[in-house]
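# Report on the structure
Residue strings, one per chain:
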Amino acid sequence: MDATVVAIAGDGDDSDRRRPLLSPTEEIHPYAEVPSPQRPPLDDAAAQPEQQRNPQRVASLDVFRGFTVAMMILVDDAGGAWPGINHAPWFGVTVADFVMPAFLFIIGVSAALVFKKMPNKKAATKKAAVRASKLFIFGVILQGGYIHGRHKLTYGVDLDQIRWLGVLQRIAIGYFLAAISEIWFVNNNLVDSPVSFVKKYFMEWIMAIMITVLYVALVFGLYVSNWEFKVKSSNSTLSIPSNLVEMKTIHCGVRGSLGPPCNAVGLVDRVLLGENHLYKNPVYKRTKECSINSPDYGPLPPNAPDWCLAPFDPEGLLSTLMAAVTCFVGLHFGHVLIHCKANLGSAAESFTANAILAASFDGVDNLCIFTAIIRHAFQQAFVYSELHATHRWGIWIPVAAAILH
């Protein structure tokens, strides 16, 4: 039904007459609102629907993060009861030894997803530096052990004994190296073939290879001479602590040793960080040479070597540098996820078919299919955990999202 816009005349004899504002051939156009300081114009991102502005989460990564948190809680709480899942005293590998690499891998994947589009590299660098600094400081507060004399008048911060490195500090360093390489070392080449994929990210792999070569060269090339450390002595009969300090000497004079007392990792930490800033209860105290309850902590056996009392930091400088390479592995996996979005959906629909076809592809396509299979498996685990959230460790999925979001 057509409507005519009219105006009602004012007072007087023409009050009953109506004058049309528009002729029948004219149209009413919407009024363009003039922007005001109170209501600035919407940008392109704000004008998009809310479901398009919110980035879609990677369900497989969330599940893997939740699985890693659950594994961490398991080995921390039950590692003492079952030595098979506790950290290996020195040589060897157990379930607990996969927790830290898993977290570092997650950090790398997340960095690849977060920094895939960066309009401003300097702002992205500042963002990565602030995040890494916060994580590092938080780690020092939690694991620094800097509270001195907690029940005495000397209560306060003891900077002479503070531990500078730890688990969160290692994650912060690995995240920062991965983020900086993702921001500055990735070019803008279009990925349409395996060769272009390699050209786009080859600088990151060169950096990872350089870190690995540096680590191997230092571990096997540094000469570890004899070194000394201080240990508080006690009354051997009454076991009464005293303030006496005894000097212990460790005889090394070797290169390339991988044992607890004479390795290059400890040498670098003692020289650069100082003996007082290292971890005082290292894991090698659970070895047979240092504990009668091995592979658990316990009293020293007779004729135990002096290095059983020496400090050693499991998250030291040199080992943290090598652990950052795990973040680069996660970066590469994140790149595969980014460039294989088109293939992930079809793989999720036909899991078995893609597993068979994987052998017939090469290059980026092969990585896409393989990644799709892994991601589909984790997505199925995510659905299962949601349906059984009140049973077993499925409940750790929301806990992991809250802790590591």
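Residues numbered from 1 in each chain as written. Predicted model: local features only at pLDDT ≥ 70, side-chain atom pairs only at ≥ 80, totals over all residues. Heavy atoms only, no water.

### As for the overall build of the chain
Let me state the cut-off plainly: Helix and strand assignments follow DSSP, with helices taken as H or I runs no shorter than four residues and strands as E runs no shorter than two, numbered in order from the N terminus. Working definition: with a 1.4 Å probe on protein chains only, accessible area under 20% of the residue-type maximum means buried, over 50% means exposed, and in between means partly exposed. Here a residue-residue contact requires only that any non-hydrogen atoms of the pair lie within 4.5 Å.
Check the secondary structure of the chain and you find 13 helices and eight strands. The buried share of the chain, reckoned over its 405 residues, is 35%. The contacts in the chain between residues at least 6 apart in sequence include a share of 66% that link residues at least 24 apart.

### Some words on the packing of aromatic side chains
Spelled out, the test is: Any Phe, Tyr or Trp ring, taking Trp's six-membered ring, that has another such ring centre within 6.5 Å forms a pair; planes under 30 degrees apart are called stacked, those over 60 apart edge-to-face, and the others tilted. Two thresholds decide whether a charge sits over a ring: the Lys NZ or Arg CZ must be within 6 Å of the ring centre and within 35 degrees of the ring normal.
Tallied over the full model, the rule gives eight aromatic pairs. For the pair W90 and Y284, a centre-to-centre distance of 5.9 Å together with 65 degrees between the ring planes defines the contact as edge-to-face. Placement of W90 in the loop between helix 3 (59-78) and helix 4 (99-114) and of Y284 in the loop between helix 8 (264-272) and helix 9 (317-339) is noted, with a sequence separation of 194 residues between them. Over the face of the ring belonging to W227 we find R270, whose NZ or CZ atom lies 3.7 Å from the ring centre. When the ring centre of Y297 is taken as reference, the NZ or CZ atom of R286 above it lies at 5.7 Å.

### Regarding the state of the cysteines
Where we set the bar: The disulfide definition used here is simple: a pair of cysteine sulfur atoms within 2.5 Å.
Per the stated rule, a full pass over the model turns up two disulfides. The residue that forms a disulfide with C252 is C262, at a sulfur-sulfur distance of 2.1 Å. In this structure the cystine formed by C252 and C262 twists about its S-S bond by roughly -85 degrees; its chirality is therefore left-handed. Of this pair, C252 sits in the loop between strand 7 (241-250) and strand 8 (254-255) while C262 sits in the loop between strand 8 and helix 8; the two residues are 10 residues apart in sequence, bridging distant segments of the chain. C262 shares its class with C252; the two are buried.

### Regarding the confidence of the model for the chain
Selection criterion: As a per-residue measure, pLDDT reflects the predictor's confidence and takes values from 0 up to 100.
With 65% of its residues at a pLDDT of 70 or more, the chain has an overall mean of 75. Helix 13 (residues 396-404) is the least confidently modelled element of the chain, averaging 38 in pLDDT, while strand 5 (residues 223-224) averages 95, the highest of any element. Counting contacts from residues 1-12, a segment whose pLDDT is below 50, to residues more than four positions away or on other chains yields 15 contacts.

### Digging into the UniProt feature "transmembrane region" (unreviewed entry) in the chain
Selection rule: UniProt positions are given in the numbering used here, feature names are shortened, and annotations may be inferred rather than shown by experiment.
Look at the UniProt record and you will see "transmembrane region" (unreviewed entry) annotated at residues 63-85, 91-116, 128-147, 167-185, 205-224 and 317-338. Here residues 91-116 runs as 62% helix and 0% strand, with 39 Å between its end C-alpha atoms. Counting secondary structure, residues 167-185 comes out at 95% helix and 0% strand; the distance between its end C-alpha atoms is 27 Å.

### Looking at the environment of W184
For clarity, the threshold we go by: Each polar contact in these results corresponds to two N or O atoms within 3.5 Å; when the atoms are within protein, one needs to be able to donate a hydrogen and the other to accept it, and residues that are neighboring in sequence are counted only if both atoms are side-chain atoms.
You can see W184 is positioned in helix 6 (residues 167-184). If we ignore the near neighbours within four places in the chain, the residues touching W184 are K121, K122 and T125. A polar side-chain atom of W184 sits 2.8 Å from a polar atom in the side chain of T125.

### Structural notes on the packing of helix 7 (residues 194-221) against helix 9
Just so we agree on the cut-off: Interaxial angles span 0 to 180 degrees and are taken between N-to-C directions of axes, which are lines fitted to C-alpha atoms, for helices over the stretch in contact. Relative orientations are named as follows: roughly parallel for angles under 35 degrees, roughly antiparallel for angles over 145 degrees, roughly perpendicular for angles from 65 to 115 degrees, and oblique for any other angle. Each crossing gets its handedness from the near helix: less than a right angle anticlockwise from the far helix is left-handed, clockwise is right-handed. By the convention adopted, Pro, Cys, Tyr, Trp, Phe, Met, Ile, Leu, Val and Ala count as nonpolar, Lys, Arg, Asp and Glu as charged, and the other residues, Gly among them, as polar.
Helix 9 packs onto helix 7 with a crossing angle of 160 degrees between their chain directions and a minimal axis gap of 9 Å. Classified by the interaxial angle, the pair formed by helix 7 and helix 9 is roughly antiparallel. Handedness of the helix 7/helix 9 crossing: left-handed. Its residues assigned to classes, the contact of helix 7 with helix 9 shows 18 nonpolar, five polar and two charged.

### Details of helix 5 (residues 121-143)
Heads up, the rule is: Expected span of a helix: the number of residues minus one, times 1.5 Å.
If you check helix 5, its first and last C-alpha atoms are 32 Å apart, about what 23 residues at 1.5 Å a residue would give, namely 33 Å. Every buried residue of helix 5 is listed here: A124, T125, A128, A132, G139 and V140. If you follow the buried residues of helix 5, they end up packed against helix 6. Its side-chain oxygen placed 3.1 Å from the backbone nitrogen of K122, N120 serves as the N-cap of helix 5. In the segment just after helix 5, G145 is the residue with positive phi, at about 60 degrees.

### Here's the deal with the pattern of salt bridges
We apply this condition: The term salt bridge refers to a pairing of a side-chain nitrogen on Lys or Arg with a carboxyl oxygen on Asp or Glu at a separation within 4 Å.
Counted under the stated rule, the structure contains five salt bridges. Salt-bridge contacts for R163 lead to E315; the nearest nitrogen and oxygen are separated by 2.7 Å. Remark: E315 occurs in the loop between helix 8 and helix 9 and R163 occurs in the loop between strand 4 (156-157) and helix 6; sequence separation between them is 152 residues. With respect to class, R163 is no different from E315; both count as buried. Three or more residues joined by partner-sharing salt bridges are found here, namely R163, D313 and E315.

### Regarding unusual backbone geometry
Cis geometry is found at the peptide bond from S294 to P295, where omega equals 10 degrees. Note that P295 resides in the loop between helix 8 and helix 9. Its identity is not glycine, yet N303 carries a phi of approximately 60 degrees, on the positive side. Checked against the element boundaries, N303 lands in the loop between helix 8 and helix 9. The exposure class of N303 is exposed, given its relative accessible area of 81%.

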